[in-house]
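Each chain, written out:
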Amino acid sequence: MQVLIDTETEILEKTVETDLKKLVVYNDDVNTFDWVIDTLIDVCKHTSEQAEQCTIIIHYKGKCSVKEGEFDELAGMRNEICRRGISAEIH
């Protein structure tokens, strides 16, 4: 004989909304590929391959989103990139 047990399961979903921003680096005619690559490695903690790919995109497309996160996290990175003479903005 099979006994059926009526059970209720309540699933709670917690939604956390975060406003993710993008750190965008722009192309210029001043900075070298090596300088931009080194900056992305130092400031954004990119791997060398990731930094090289972003730099190529920056060169050919005029800009590249190099990091995504919350504004407070990206603000320090943007300031350091700009301090090194490279144009960057948070969108």
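Everything here concerns the structure above.
Quick look at the structure, then. Going along each chain's sequence as written, the residues are numbered from 1 onward. Per-residue local features are limited, in this predicted model, to residues with pLDDT of at least 70; the limit for side-chain atom pairs, both in listing and counting, is 80 or more; totals at the level of whole chains, interfaces and linings are taken over all residues. Hydrogens and water are ignored here; the side-chain numbers use all heavy atoms of the structure.

Focus on the pairing of strand S1 (residues 21-26)
Then, number 1: At least two bridges found by DSSP between two strands are what make those strands a pair. Helix numbers and strand numbers start at the N terminus; a helix is a DSSP run of H or I with at least 4 residues, a strand a run of E with at least 2. Pairing geometry for S1 and strand S2 (residues 63-69), over six bridges, is antiparallel. Within S2, the position partnered with lysine 21 by the bridge is glycine 69.

Here's the deal with the packing of helix H1 (residues 33-44) against helix H3 (residues 71-83)
Then, number 1: In the contact formed by H1 and H3, the axes pass within 10 Å of each other and the chain directions differ by 150°. Put simply, H1 runs roughly antiparallel to H3. Note that H1 runs across H3; the crossing there is right-handed. Contact residues: H1 offers Thr39, Val43 and Cys44, while H3 offers Met77, Glu80 and Ile81. Geometry is summarised by axes, namely lines fitted to C-alpha atoms with helices restricted to the contacting stretch, and by angles between N-to-C directions that run from 0 to 180 degrees. Roughly parallel refers to an angle under 35 degrees, roughly antiparallel to one over 145, roughly perpendicular to one between 65 and 115, and oblique to any angle outside these ranges. Crossings are sorted by hand: turned counterclockwise from the far helix by less than a right angle, the near helix makes the crossing left-handed, and turned clockwise it makes it right-handed. Any pair of residues with heavy atoms lying within 4.5 Å of one another is described as a contacting pair.

Examining the pattern of salt bridges
Then, number 1: Salt bridges are counted wherever a side-chain nitrogen of Lys or Arg sits within 4 Å of a carboxyl oxygen of Asp or Glu. Scanning the model with the defined rule gives four salt bridges in all.
Then, number 2: The residue glutamate 80 makes a salt bridge to arginine 83 at a minimum N-O spacing of 2.7 Å. Of the two residues, glutamate 80 and arginine 83 both sit in helix H3, three residues apart, roughly one turn of that helix.
Then, number 3: As a salt-bridge pair, arginine 84 and glutamate 80 come within 2.9 Å of each other at their nearest N and O atoms.
Then, number 4: Ionic contacts of the salt-bridge type, sharing partners, join the residues Asp42, Glu80, Arg83 and Arg84 into one network.

A few points about the side chain of threonine 55
Then, number 1: Summarising the element assignment, threonine 55 is placed in helix H2 (residues 48-61).
Then, number 2: The cut-offs for exposure are 20% and 50% of the maximum accessible area for each residue type, with area from a 1.4 Å probe on protein chains only; residues under the lower value are buried, those over the upper are exposed, and the others partly exposed. Look at threonine 55 and you get buried, because its relative accessible area is 5%.
Then, number 3: If sequence neighbours within four positions are ignored, threonine 55 has contacts with Phe33, Val36, Ile37 and Leu40.

Considering the sheet that holds strand S3 (residues 88-90)
Then, number 1: Read across the open sheet, the three strands follow the order S2-S1-S3; overall the sheet is antiparallel. Single-partner strands in this sheet number two, and they are S2 and S3. Shown here is a sheet whose adjacent strand axes are inclined to one another by a mean of 20°, direction ignored.
Then, number 2: Packing against the sheet, H2 makes contact with S1 and S2, and its axis sits at approximately 135° to S2.

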